[in-house]
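What follows is each chain in one-letter form.
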Amino acid sequence: MLSAPPLTQEKPSGTTKFKTSPSIRHGAQGTGPIVMTTRTEDGGFSTTEGTLHVSKPFRSRSTKKLRAMITFEPRKTHFDTTNETSGTNEFRGFFTLFWMSLFLFTVQTYVSSVEANGYALSFAFATMFSRHAVTLALSDLLLVSTTILCVPFAKAISKGWINYYWTGAIIQHAFQTCVLLITVTWTFHRQWPWVQSGFLTLHSLVMIMKMYSYISVNGYLQSISRRSIGVLAELNGATALRDAMSKRVQAQAAAETPVTDVTSTPMEMSTPDTEGVLMKSYTDAKTATALRQRLAAVSSSLDENTKSERGAVNGNGRGIDGVEIAHVLSYHPDEHVAGLAKEFLDLDSELVSTGPEQVRWPDNVTYRNFAVYQLIPTLVYELEYPRTDRIRPMYIFEKTVAFMGSFALLYTVAECFIIPLTPTPDQSFFRSLLDLALPFMIAFLLLFYIIFECICNAFAELSYFADRLFYEDWWNSTSWEEFSRKWNKPVHSFLLRHVYASTRASYGLSRTTAMFVTFFLSAMAHELVMAIVTKKIRMYLFLMQLVQIPLILVSRAPVIQRNKLMGNVVFWLGLYAGFPLLCVAYVAY
């Protein structure tokens, strides 16, 4: 299930700064601090659970891209047993009580079913959703395999064979549209039950979002690389002109000055201070000429390798003459030269990750990098993510057992309390809502736990992904805006970066307009899933999501924001009524 972002977090995140203290506590948006003991030589943090590496956010001053709105850092989910704050939370006993109560309720259901029917479960639902399992698995494998085409496409972009803006973007959108159309057509052709159809459709949307983020980020970096090449060439021209003017002034001064004065009072100019001290005067002629020649050599080398975009760039991004010279020239007394140098450094910094690996574009465009990205439970592509340095087998075992137990409970609720009460047109509308409200709420909580706590954490562990904040405390939400922001962080991050921020930066939309566009796209995706699952086009869910926009604006009123308890009660009432209302509307009408 998708979610739309709240679209109010437009504050740019500053660059994360590290301290070299022996003990560091790194907080994480409501998840509490993660205790980190010592700093490693490669920039990570050594903990009892492995070494964590932090990928710092960045926002370009020259391009004004809102990329820093999404940050990755070592964090843990609220219900993770390894989360230190979960073990000290004063409400932790209610979490234990919930699972014990649900287990006893399930056992009581089994006993009652055995006494009445002679069996605990009929497994009719299992027979239905296991139908065509092999075909579904092969179809999903083919879907995932097609995403590998992103790598040669990104390579073509990095080598300059395809301009992402706008040829590459058009090709990208056409391909992703074809993937979605083929998936939808295939599910209708197979006449699968709603479980199989819903799963393949949702997974196709996930793969499309992953592909979009991967290609769009690499396409964006292509434009940044080209801009940096242009700025470097302009910087070379500016320094050459400055050098020529300096030589002319020196020649005029030499012609007007007696020879004895020249030999007795040689020109003494300070050299650039690479440590950050502003230059009080320009360099001597020899130093200036040497700097200009090195800069010209780097610029010409980049121009000769525009097909590979960064032909003169070292793999790890260190020791590059152009960057070193730009650092020196950023303190140039001439404002134009210093401004060009700073702009080049700003652009170049976007091409290099800020984590310990210092990944430089386009060195990231490899099949291995893409395969790891596919395993990482995120929909937003980055050059580098915070990582752990080992996989914990017991942690994988714990999440596997939790998945199997939660799924067994979910199956019991679905077969015993939802499917038998499936509404029909001749039944009472309000009675159907009352019968289905609690079973749907329990099913939602279990499904949420399975996806975001079990599956996402397991894949994060297998891919060494350290940022485990897949959700926040959405159960404390006081508005639908807060709920949509917190309950599904991967989708929220994707919409925030690639829809909301992108439309604002590219088309200059206002916050309200960009919010409407984002909600509209999210609502269309939700309605598409419902249309495929129910084989009906009713637009109920689409309209319900768009109604959230005026409700969000109303919820921002100070009188409502001050009453947190009332807001939370209204939120839970809406959630309780929403699921059975959608079921009754789509199934019976």
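Parameters and conventions
- Residues numbered from 1 in each chain as written.
- Predicted model: local features only at pLDDT ≥ 70, side-chain atom pairs only at ≥ 80, totals over all residues.
- Heavy atoms only, no water.
- Helix = DSSP H or I, 4+ residues; strand = E, 2+ residues; numbered from the N terminus.
- Buried < 20%, exposed > 50% of the residue type's maximum accessible area, 1.4 Å probe, protein only.
- Contact = heavy atoms within 4.5 Å.
- Areas by Shrake-Rupley, 256 points an atom, 1.4 Å probe, with all protein chains shown as cover.
- Expected span 1.5 Å × (residues − 1).
- Bend = angle between axes of the 7 residues up to and from the residue.
- Core = buried A, V, L, I, M, F, W, Y, C linked by side-chain atoms within 4.5 Å.
- Phe/Tyr/Trp six-rings, centres within 6.5 Å; stacked < 30°, edge-to-face > 60°.
- Patch = residues over 30% accessible without salt bridge, like charges linked within 9 Å, V, L, I, M, F, W, Y side chains within 5 Å.
- Salt bridge = Lys/Arg side-chain N within 4 Å of Asp/Glu carboxyl O.
- Axes fitted to C-alpha atoms, helices over the stretch in contact; angles between N-to-C directions.
- Parallel < 35°, antiparallel > 145°, perpendicular 65-115°, else oblique.
- Nonpolar A, V, L, I, M, F, W, Y, C, P; charged D, E, K, R; others polar.
- pLDDT = per-residue confidence, 0-100.
- Polar contact = N/O pair within 3.5 Å; in protein donor to acceptor, adjacent residues only side chain to side chain.
- Left-handed = near helix turned anticlockwise from the far one by under 90°.

### Notes on the overall build of the protein chain
Across its full length, the protein chain holds 19 helices and five strands. Of all 589 residues assigned to the protein chain, the portion counted as buried reaches 47%. Expressed as a percentage of contacts within the protein chain between residues at least 6 apart in sequence, the contacts between residues at least 24 apart total 75%. In the structure as shown, the protein chain presents an accessible area of about 29,100 Å², 65% of it carried by carbon and sulfur atoms.

### So, unusual backbone geometry
That bond from Tyr-165 to Trp-166 is cis: its omega, 10 degrees, falls within 30 degrees of zero. As for its position among the elements, Trp-166 is in helix H5 (residues 164-190). Here the bond from Trp-361 into Pro-362 is cis, since omega is 10 degrees, no more than 30 degrees from zero. Locating Pro-362 in the fold gives a position in the loop between helix H10 (335-350) and helix H11 (367-375). A positive phi angle is found at Lys-535, which is not glycine, with a value near 60 degrees. With respect to the helices and strands, the residue Lys-535 is situated in the loop between helix H16 (511-534) and helix H17 (540-555). Although it is not a glycine, Met-539 adopts a positive phi angle of roughly 65 degrees.

### Quick look at helix H19 (residues 564-588)
Between its first and last C-alpha, H19 extends 36 Å over 25 residues, near the 36 Å set by a 1.5 Å rise per residue. If you look at H19, its biggest bend is around 25 degrees, right at Gly-578, and the proline Pro-580 turns up within four residues after that.

### What to know about the nonpolar core
Membership of the largest hydrophobic core comes to 85 residues, with the highest contact counts inside it found for Tyr-214, Ile-215, Phe-444, Trp-474 and Leu-575. Counting residues per element, this core draws most heavily on helix H6 (residues 194-256), at 16 residues. Beyond its immediate chain neighbours, meaning those up to four positions away, Trp-474 contacts Phe-444, Leu-445, Phe-448, Phe-483, Lys-486, Trp-487, Phe-571, Trp-572 and Leu-575.

### Brief notes about the packing of aromatic side chains
The geometry of an aromatic ring pair is captured by the separation of the ring centres together with the interplanar angle, meaning the angle of the planes. Inspection of every chain in the model, using the stated rule, returns 45 aromatic pairs. With a centroid separation of 6.2 Å and an interplanar angle of 85 degrees, the aromatic rings of Phe-129 and Phe-407 are classed as edge-to-face. Of the two residues, Phe-129 sits in helix H2 (residues 124-129) while Phe-407 sits in helix H12 (residues 393-418), which places them 278 residues apart along the sequence. The partly exposed category is assigned to Phe-407, whose relative accessible area is 35%.

### Observations concerning a nonpolar patch on the surface
A cluster of nonpolar residues, Leu-375, Phe-403, Met-404, Phe-407, Leu-447, Ile-451, Ile-455 and Phe-459, forms a patch on the protein surface that exposes about 670 Å² of accessible area. Looking at the nonpolar patch, the element that brings in the most residues is helix H13 (residues 429-462), giving four residues.

### Looking at the pattern of salt bridges
Per the stated rule, a full pass over the model turns up 15 salt bridges. Put simply, Arg-75 and Asp-467 hold a salt bridge, and the shortest N to O gap is 2.7 Å. Of this pair, Arg-75 sits in the loop between strand S5 (50-52) and helix H1 (92-117) while Asp-467 sits in the loop between H13 and helix H14 (480-486), and the two are 392 residues apart along the sequence. For Arg-75, a relative accessible area of 6% gives the class buried. Residue classification places Asp-467 among the buried residues on the basis of a relative accessible area of 4%. The salt bridge partner of Arg-392 is Glu-461, with a shortest N-O separation of 2.9 Å. You can see Arg-392 sitting in the loop between H11 and H12 and its partner Glu-461 sitting in helix H13, a full 69 residues away along the chain. Neither Arg-392 nor Glu-461 differs from the other in exposure class; each is buried. When salt bridges that share partners are traced, they join Asp-80, Glu-398, Lys-399 and Glu-453 into one network.

### Brief notes about the packing of helix H3 (residues 133-146) against H5
At a closest axis distance of 12 Å, the pairing of H3 and H5 adopts a crossing angle of 175 degrees. When the interaxial angle is binned, H3 and H5 end up roughly antiparallel. Facing Thr-135, Ser-139, Leu-143 and Thr-146 of H3, the residues of H5 in contact are Phe-175, Val-179, Thr-183, Trp-186 and Arg-190. For the contact of H3 with H5, the class distribution of residues is four nonpolar, four polar and one charged.

### A word on the confidence of the model for the protein chain
Parts of the prediction with low pLDDT should not have their coordinates interpreted in detail. Mean pLDDT over the protein chain stands at 78; residues scoring 70 or higher make up 74%. Across the protein chain, the secondary-structure element scoring lowest on mean pLDDT is strand S1 (residues 24-26), at 34, and the one scoring highest is helix H4 (residues 150-158), at 95. Of the regions scoring below 50 in pLDDT, residues 48-68 engages in 89 contacts with residues more than four places distant in sequence or in other chains.

### What about H17?
The terminal C-alpha atoms of H17, which comprises 16 residues, lie 22 Å apart, in line with the 22 Å expected from a rise of 1.5 Å per residue. Bending of H17 peaks at approximately 25 degrees at the position of Ile-549, with proline Pro-550 no more than four residues after it. Listed in full, the buried residues belonging to H17 are Leu-541, Phe-542, Gln-545, Leu-546, Gln-548, Ile-549, Ile-552 and Ser-555. Buried residues belonging to H17 abut H14, H16, helix H18 (558-562) and H19.

### Some remarks on the side chain of Gln-222
With respect to the helices and strands, Gln-222 occurs in helix H6. A distance of 3.0 Å separates the side chain of Gln-222 from the backbone nitrogen of Tyr-164, its partner in a polar contact.

### Considering the environment of Ile-208
Here Ile-208 lies in helix H6. Here Ile-208 falls in the buried class, since its relative accessible area comes to 12%. Between the alpha carbons of Ile-208 and Leu-180 there is a distance of 7.9 Å; along the sequence they are 28 residues apart.

### Considerations on the packing of H1 against H13
Interaxial distance between H1 and H13 falls to 13 Å at its minimum, and their mutual angle equals 115 degrees. H13 is crossed by H1, and the crossing has left-handed handedness. On H13, the residues touching Phe-95, Phe-98, Trp-99 and Leu-102 of H1 are Ile-442, Leu-445, Leu-446 and Tyr-449. Of the residues contributing to the contact of H1 with H13, the split by class is eight nonpolar, no polar and no charged.

### A short note on the environment of Ser-432
Mapped onto the elements, Ser-432 comes out in helix H13. Distance in space between the C-alpha atoms of Ser-432 and Pro-580 is 7.6 Å, their sequence separation being 148 residues. Apart from the residues within four sequence positions on either side, Ser-432 is in contact with Pro-423, Gln-427 and Val-584. There is a polar contact of 3.0 Å between the side chain of Ser-432 and the backbone oxygen of Ser-428.

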